[in-house]
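What the coordinates show
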Amino acid sequence: MVLAEVGVGEPVTERARVEILDAAAACFMERGYAATSIDDVARRLRATKGRIYHHFSSKADLFAQIFRTGMDMNFAAIEPLRSLDEPAIAIWTKMAHTHVRQMIVTRAYQRVVWEGVEMHLRGATTPEQRSQLNELVEYRSQYSSVFRLQMARARDQGDMHFADLSIANQMMFMALNSPIFWYKPRPRESAQDIDNIVDQVVAFARGGLGGKDRERP
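Described in the following lines is the structure provided in the data block. Everything numeric in this text was worked out from a predicted model, so none of it was measured.

Enumeration according to the criterion identifies nine aromatic pairs in this entry. Ring centres of F75 and Y143 lie 5.2 Å apart, and the angle between their planes is 80 degrees; this geometry places the pair in the edge-to-face category. In this pair, F75 is assigned in helix α4 (residues 59–78) and Y143 in helix α7 (residues 127–156), connecting sequence segments 68 residues apart. The burial state of F75 is the same as that of Y143; both residues are buried. Here F147 and F173 contribute two aromatic rings whose centre-to-centre distance is 5.2 Å and whose plane-to-plane angle is 65 degrees, an arrangement assigned as edge-to-face. Taken together, the residues span a long stretch of sequence, with F147 in helix α7 and F173 in helix α8 (residues 165–176) at a distance of 26 residues. By relative accessible area, which is 0% here, F147 ends up buried. Grouping aromatic residues by their ring pairs yields a cluster made of F75, Y139, Y143, F147 and F173. Above the plane of the ring of Y33 lies K59, whose end atom (NZ or CZ) is 4.2 Å from the centre.

Rules and cut-offs
- Positions within a chain are numbered from 1, following the residues in the order the chain's sequence is written.
- With the structure being a predicted model, the display of local features is reserved for residues of pLDDT at least 70 and the display and counting of side-chain atom pairs for 80 or more, all residues being used for whole-chain, interface and lining totals.
- The basis for the side-chain values is all heavy atoms of the structure; hydrogens and waters are excluded.
- Here a Phe, Tyr or Trp ring, Trp counted by its six-membered ring, pairs with any other such ring whose centre lies within 6.5 Å, and the pair is stacked when the planes are under 30 degrees apart, edge-to-face when over 60, and tilted otherwise.
- Numbering goes from the N terminus for both helices and strands, where a helix is a DSSP run of H or I of at least four residues and a strand is a run of E of at least two.
- Note on exposure labels: buried denotes an accessible area under 20% of the residue type's maximum, exposed denotes more than 50%, and partly exposed covers the range between, all computed with a 1.4 Å probe on protein chains only.
- Two conditions define a charge sitting above a ring: the NZ of Lys or the CZ of Arg must be within 6 Å of the ring centre, and it must be within 35 degrees of the ring normal.

This is the structure in structure tokens:
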């Protein structure tokens, strides 16, 4: 399945980049950054390494672009929800549902985001990666702040109850991100099956934040 979607009228060059990103994201998800080579990506594409190097200068560059694409998709998914004229807990709940669905639908990309953050925290990077990951981790922090804002507003409105906002935000994302570790598509899985998974994960996270039940999004 193509995860980084492009339109029908997009140039061939952009479609080629998307195919490479999809293949590389799957390889990184399966093997991790260190154990994945450009050869592995080329084999999955059934192409030559030259095709990849035509678009990406290195494995680090490819990894960073997948990280950025994953976050771009997340931002785009929640953007229509950020300015809704609704109670904060309702906005948070809709954003949380959208986020969990992203963790499932674009799982390979989101695993790269997670691994990139882990590499950044461990300092397991080259100078080239360090510069890229510093920027990308800050980009991810900006995304996290969107949820943090709604959590703070919901607490002020009496609809969430937690002590430390920073800790609550971290714990919330541990729950919402969890499908990237355990979700696997099942034979004959339906859209309703996915909805049920999303609902359960969001309900768990909302409960941990002391969230009151409100109308479903």
